[in-house]
Structure formats: C-alpha cells, structure tokens
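Architecture at a glance
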Amino acid sequence: MARKFTVVLEKDGAVFTARCLEIDLVSQGKTPGAALDNAREAIGLYVEQNPKFKPKQVELAVVEV
C-alpha cells in the first residue's frame, strides 16, 4: 500500500530542496521535478529500512501577520 508524505519545495540558489515533514528528510535537485524524484527515492529507502517507523502527524496552516 502506498503512503503519502508532505514535501515542501524551496528554491535555494541554483538548486531546489525538497523537505519531507513527516521524516525530517531533505533532498535536492536542479529542478523541482528532480528534487521531488530524489525525495521520493530517499523516503522509499527510509521506509524500507525502518519498517516499524511511525510518521509524525503534520498539519499545514497559513498564518496572517
């Protein structure tokens, strides 16, 4: 069964970073798609190597200041 994870993309200079909030994992790529592909691979490896892990519950909110 496929699991869903929250990934935040950010442009960081010449690269994009993809941060998985449930695992505290960060990957990079030259394009948003490459960063997401790298994050998907890293998340998959993490889940495979840690079959009993429980992802953190994440909620996203927009705060107005």
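To start, this report covers the structure provided alongside it. Along each chain, residues carry numbers from 1 onward, in the same order as the chain's sequence is written. Predicted model: local features are reported for residues with pLDDT of at least 70 only, side-chain atom pairs are reported and counted for 80 or more only, and whole-chain, interface and lining totals are derived from all residues. Hydrogens and water are ignored here; the side-chain numbers use all heavy atoms of the structure.

Here the focus is the overall build of the protein. We count a stretch as a helix when DSSP gives it H or I for four or more residues in a row; a strand needs E for two or more, and each element gets its number in order from the N terminus. Scanning the protein for helices and strands turns up 1 helix and 3 strands. The order of helices and strands in the protein, counted from the N terminus, is β-β-β-α. The dimensions of the protein, computed from C-alpha atoms along their principal axes, are 35 × 30 × 15 Å. Each residue is placed in one exposure class: buried if its accessible area under a 1.4 Å probe, protein chains only, is under 20% of its type's maximum, exposed if it is over 50%, and partly exposed if it falls in between. Put simply, the protein has 65 residues, and 20% of those count as buried. When checking whether two residues touch, look at their non-hydrogen atoms; a contact exists if any pair is within 4.5 Å. Considering only residue pairs separated by 6 or more positions, the protein has 25% of its internal contacts joining residues 24 or more positions apart.

Take the pattern of salt bridges next. Note on pairing: side chains with opposite charge can pair once their charged atoms come close. Within this document, salt bridges are pairs made up of a side-chain nitrogen of Lys or Arg and a carboxyl oxygen of Asp or Glu, the two lying within 4 Å of each other. Enumeration according to the criterion identifies 3 salt bridges in this entry. For Arg40, the salt bridge identified is with Asp37, shortest N-O distance 2.9 Å. Pair noted here: Arg40 and Asp37 are both in helix α1 (residues 32-49), with a separation of 3 residues, about one helical turn. Relative accessible area serves as the criterion here: at 45%, Asp37 is assigned to the partly exposed category.

A word on the pairing of strand β1 (residues 7-12). Here, a strand pair is defined by DSSP locating no fewer than two bridges between the strands. The pairing of β1 with strand β2 (residues 15-20) spans 6 bridges and is classified as antiparallel. By the bridge assignment for β2, Val8 is matched with Arg19. Joining the antiparallel neighbours β1 and β2 is a turn of 2 residues, in which Gly13 adopts a positive phi near 70°.

A few words on the packing of aromatic side chains. The way to describe two aromatic rings as a pair is by their centre distance and the angle between their planes. Only Phe, Tyr and Trp rings take part, Trp by its six-membered ring, and two of them pair if their centres are within 6.5 Å. Stacked means planes under 30 degrees apart, edge-to-face means over 60, and tilted covers everything else. Applying the stated criterion across every chain yields a total of 2 aromatic pairs. Note on Phe5 and Phe53: the rings are 6.4 Å apart at their centroids and 15° apart in plane angle, and the pair reads as stacked. Of this pair, Phe5 sits in the segment before β1 while Phe53 sits in the segment after α1, and the two are 48 residues apart along the sequence. Taken together, the ring pairs in this structure connect Phe5, Tyr46 and Phe53 into an aromatic cluster.

On to the pairing of β2. Judged from the 5 bridges that link them, β2 and strand β3 (residues 25-29) form a sheet pairing that is antiparallel. Residue pairing for β3: Thr17 is matched across the bridge by Gln28. Connecting β2 to the next strand, β3, in antiparallel fashion are 4 residues, including Asp24 with a positive phi near 60°.

It is worth spelling out the sheet that holds β2 at this point. In space, the 3 strands of this open sheet follow the order β1-β2-β3, with antiparallel pairing throughout. Of all the strands in the sheet, just β1 and β3 have a single pairing partner and so form its edges. Looking at each pair of strands side by side, their axes are set apart by 25° on average, direction ignored. Axis definition: a line fitted to C-alpha atoms, limited for helices to the stretch in contact. Angles are taken between N-to-C directions and run from 0 to 180 degrees. In the packing of α1 onto the sheet, contacts are made with β1, β2 and β3, and the angle to β3 comes to roughly 140°.

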